[in-house]
Amino acid sequence: MSICIIKYTYTQYVGVDIEKYTRGLFEYVKEAFGEFQPEMSEPGTIPDMPDYLDILLCKKDGSIFYKMDIERRAINIPLDFQMEGLVLEISITNCDGTKYKKIHHFVRRETTKNQIEPDEDGLQELRPQIDFHKFLK
């Protein structure tokens, strides 16, 4: 039997409805890993301390988990649930004896100040802004 444990932990969440984030993560995991029938560490409920989410994936057919596939799916969570301080831990133990561990820290990237903003029509202004007074001098 091959086993994979995926653990998401929010380490910084002051003033945030952390239960909402944890539920959203679980919904994502159910969709992304559906074929493995993911189970929570505490089946049926969000844990009493909702700042973490443990997911158990199991393969009983003798096949193995591929680390790149699990890692890609686990890291590719929606941006809505990525907060500064979110830590992902992956632990795989395959039936052939191979083991894999990975820790990934999510960093929330802010938008740059030079981002193009929509004009009053709702369309992005792509033309350069020309100062005609400066141009005529």
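My aim in this report is to walk through the structure given alongside it, one point at a time. Just so you know, these numbers come straight off a predicted model, no measurement behind them.

### What about the overall build of the protein?
When helices and strands are tallied, the protein shows three helices and five strands. Mapped in sequence order, the helices and strands of the protein form the string β-α-β-β-α-β-β-α. For the protein, with 137 residues in total, the buried portion stands at 34%. For the protein, long-range pairs separated by at least 24 residues make up 64% of all intrachain contacts whose partners lie at least 6 apart in sequence. Put simply, the protein shows about 10000 Å² of open surface, and 53% of that area lies on carbon and sulfur atoms.

### A short note on the sheet that holds strand 2 (residues 39-40)
Strand order across the open sheet formed by five strands is 2-3-1-4-5, with antiparallel pairing between neighbours. Taken across any chain shown, the strands that pair with only one partner, and hence form the sheet edges, are strand 2 and strand 5 (99-105). Summarising the sheet, strand 2 and strand 3 (residues 52-59) pair through two bridges and their orientation is antiparallel. Counterpart to methionine 40 in the pairing with strand 3 is isoleucine 55. Where helix 2 (residues 67-75) meets the sheet, it contacts strand 1 (2-10), strand 3, strand 4 (86-93) and strand 5, and its direction lies at approximately 155° from that of strand 4.

### A word on helix 2
Taken as a whole, helix 2 has its buried residues at Ile70, Glu71, Arg73 and Ala74. As for helix 2, its buried residues are in contact with strand 1, helix 1 (18-32), strand 3, strand 4 and strand 5.

### As for the side chain of glutamine 82
For glutamine 82, the position within the fold is in the loop between helix 2 and strand 4. Taking the relative accessible area as the measure of exposure, glutamine 82 reaches 15% and is therefore buried. A polar side-chain atom of glutamine 82 sits 2.9 Å from the main-chain carbonyl oxygen of isoleucine 77.

### Here's the deal with the environment of alanine 74
In this fold, alanine 74 is placed in helix 2. What makes alanine 74 buried here is its relative accessible area of 0%. Contacts of alanine 74, omitting those with residues within four sequence positions, involve Ile6, Tyr8, Phe33, Leu88, Ile90 and Phe106.

### What to know about the packing of aromatic side chains
In total, this model carries three aromatic pairs according to the counting rule given. Relative to tyrosine 21, the ring of tyrosine 10 has its centre 5.9 Å away and its plane inclined at 75°; by these criteria the two rings are edge-to-face. Taken together, the residues tyrosine 10 in strand 1 and tyrosine 21 in helix 1 connect sequence positions eleven residues apart. In terms of burial, tyrosine 10 and tyrosine 21 fall into one category: buried. Judged by centre distance (6.5 Å) and plane angle (35°), the ring pair of phenylalanine 33 and phenylalanine 36 falls under tilted.

Thresholds, definitions, all that
- Residues numbered from 1 in each chain as written.
- Predicted model: local features only at pLDDT ≥ 70, side-chain atom pairs only at ≥ 80, totals over all residues.
- Heavy atoms only, no water.
- Helix = DSSP H or I, 4+ residues; strand = E, 2+ residues; numbered from the N terminus.
- Buried < 20%, exposed > 50% of the residue type's maximum accessible area, 1.4 Å probe, protein only.
- Contact = heavy atoms within 4.5 Å.
- Areas by Shrake-Rupley, 256 points an atom, 1.4 Å probe, with all protein chains shown as cover.
- Pairing = 2+ DSSP bridges.
- Axes fitted to C-alpha atoms, helices over the stretch in contact; angles between N-to-C directions.
- Polar contact = N/O pair within 3.5 Å; in protein donor to acceptor, adjacent residues only side chain to side chain.
- Phe/Tyr/Trp six-rings, centres within 6.5 Å; stacked < 30°, edge-to-face > 60°.

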